[in-house]
Amino acid sequence: MKKILILLGPPGAGKGTVGGRLSEIYNLPLISSGDLLRENVNNHTELGEKANSYIKKGELVPDELVEEIIEDRIKREDCNYGFILDGFPRTLKQAEDLEKILQDKGVPIVIYLSASDDFLIERLSNRRICENCGAIYHLINLPPKEEGICDKCGGKLIQREDDKPEVIKRRLEVYHKLTQPIIDYYRKKGNFFKISGEGNLEETITRIKEILKW
Ligand code: AMP
């Protein structure tokens, strides 16, 4: 059976940063639906063009579009031993469909990173990402060594369009309405762990390693 980890939580809770570290530690691919969508947007694929109109406004991309890219991605060879999902599922429909997709592959462990809206707004407004490799920085808590430049690849750091204040507000509303219900869905299933997304990265990683015992 594969090692499958689902990282749940609101935008800005740290799913991408934590997922990136866990991916290195366990040598499992980090599959971020947001990154995959942005890749499609940047490459001007048909799917990307469709998705962009939703992303820009902070709305969710229709389930079938996201499910298509996730299903394709987890078929790839690097997922043979398992994978880490970040940002997917985000609706009940996606959670139910994922269950069907994973049926014979393994039972996921679900980690829910929780944080208050005020905390998330502060973190998202200070977030910068590398336009080349997607690495995530925070202007105050996790700044790059050289201003505006990615430590990992030397790429340029940018602010995501949807990390601007008006869009952040909408993303949080959408999260509470459409994504929060899946917390209960997974809580009832078991294999579910809630931890604070507001703590420091090393402590969060230590806690998750204790939970996973991989
Ligand atoms: P993220 O990088 O996870 O914050 O995602 C950025 C944006 O991509 C979201 O605000 C949505 O517009 C879209 N998106 C990412 N993942 C999903 C998903 N699972 N379902 C629907 N839309 C998604």
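Just above, that's the structure.
The structure displayed is predicted, hence computed values, not measured ones.

Q: For the packing of aromatic side chains, give the residues involved together with the corresponding values.
A: What characterises a pair of aromatic rings is the spacing of the ring centres plus the angle enclosed by the ring planes. A complete count under the given rule lists 3 aromatic pairs for this structure. Taken together, a centroid distance of 6.2 Å and an interplanar angle of 35 degrees make the contact between Tyr-112 and Phe-192 tilted. Taken together, the positions of Tyr-112 in strand S4 (residues 109-114) and Phe-192 in strand S8 (residues 192-196) put the pair 80 residues apart, joining distant regions of the chain. For Phe-192, a relative accessible area of 14% puts it in the buried group.

Q: Account for the sheet that holds strand S3 (residues 82-86), with residues named and values stated.
A: Spatial strand order, S2-S3-S1-S4-S8: 5 strands in an open sheet with parallel pairing. Where the open sheet ends on each side, the last strands, each with one partner, are strand S2 (30-32) and S8. Averaged over all pairs of adjacent strands, the angle between strand axes in this sheet comes to 20 degrees, irrespective of strand direction. Strand direction decides the pairing type here: strand S1 (residues 3-8) and S3, joined by 5 bridges, are parallel. Note that in S3 the partner of Leu-7 across the bridge is Asp-86.

Q: Break down the sheet that holds strand S5 (residues 127-130) for me, citing the residues and quoting the values.
A: One open sheet holds the 3 strands; their spatial order is S6-S5-S7, and the pairing between them is antiparallel. One side of each edge strand has no neighbouring strand; the edge strands of this open sheet are strand S6 (136-138) and strand S7 (157-158). Packing of helix H6 (residues 117-125) onto the sheet brings it into contact with S5 and S6, and relative to S5 it is tilted by some 45 degrees.

Q: I'd love a proper account of the packing of H6 against helix H7 (residues 165-179), names of residues and values included.
A: At a closest axis distance of 11 Å, the pairing of H6 and H7 adopts a crossing angle of 135 degrees. The angle between H6 and H7 places the two elements in the oblique class. Once H6 is placed against H7, the crossing between them reads as right-handed. Facing H6, whose interface residues are Asp-117, Leu-120, Ile-121, Leu-124 and Ser-125, H7 presents Ile-168, Arg-171, Leu-172 and His-176.

Q: A description of the nonpolar core should follow, citing residues and the corresponding values.
A: One finds Leu-8, Ile-31, Leu-37, Phe-83 and Tyr-186 to be the most contacted residues of the largest nonpolar core, which totals 32 residues. The element contributing the most residues to this core is helix H4 (residues 63-74), with 5 residues. Not counting the four nearest positions on each side in its chain, Tyr-186 is found in contact with Ile-6, Leu-8, Pro-89, Ala-95, Leu-98, Val-110 and Phe-192. If you look at the next biggest cluster of nonpolar residues, it comprises 20 residues, including Leu-28, Ile-111, Leu-124 and Ile-208.

Q: Would you mind going over the packing of H4 against helix H5 (residues 92-102) in detail, with residue names and values included?
A: Packing of H4 against H5 leaves a shortest axis separation of 11 Å and a crossing angle of 25 degrees. Put simply, H4 runs roughly parallel to H5. With respect to the hand of their crossing, H4 and H5 are arranged in right-handed fashion. On H5, the residues that touch Asp-63, Val-66, Glu-67, Glu-71 and Ile-74 of H4 are Lys-93, Gln-94, Asp-97, Ile-101 and Leu-102. Residues that form the contact of H4 with H5 fall into these classes: 4 nonpolar, 1 polar and 5 charged.

Q: Outline the environment of Leu-98, listing residues and values.
A: Residue position: Leu-98 is located in helix H5. Overall, the relative accessible area of 1% leaves Leu-98 in the buried class. Distance in space between the C-alpha atoms of Leu-98 and Gly-87 is 13 Å, their sequence separation being 11 residues. Once you skip the residues sitting within four places of it in the chain, Leu-98 turns out to touch Ile-6, Leu-85, Phe-88, Pro-89 and Tyr-186.

Criteria and cut-off values
Residues numbered from 1 in each chain as written. Predicted model: local features only at pLDDT ≥ 70, side-chain atom pairs only at ≥ 80, totals over all residues. Heavy atoms only, no water. Phe/Tyr/Trp six-rings, centres within 6.5 Å; stacked < 30°, edge-to-face > 60°. Helix = DSSP H or I, 4+ residues; strand = E, 2+ residues; numbered from the N terminus. Buried < 20%, exposed > 50% of the residue type's maximum accessible area, 1.4 Å probe, protein only. Pairing = 2+ DSSP bridges. Axes fitted to C-alpha atoms, helices over the stretch in contact; angles between N-to-C directions. Contact = heavy atoms within 4.5 Å. Parallel < 35°, antiparallel > 145°, perpendicular 65-115°, else oblique. Left-handed = near helix turned anticlockwise from the far one by under 90°. Core = buried A, V, L, I, M, F, W, Y, C linked by side-chain atoms within 4.5 Å. Nonpolar A, V, L, I, M, F, W, Y, C, P; charged D, E, K, R; others polar.

Functional significance is not addressed by these values, which are geometric in nature.
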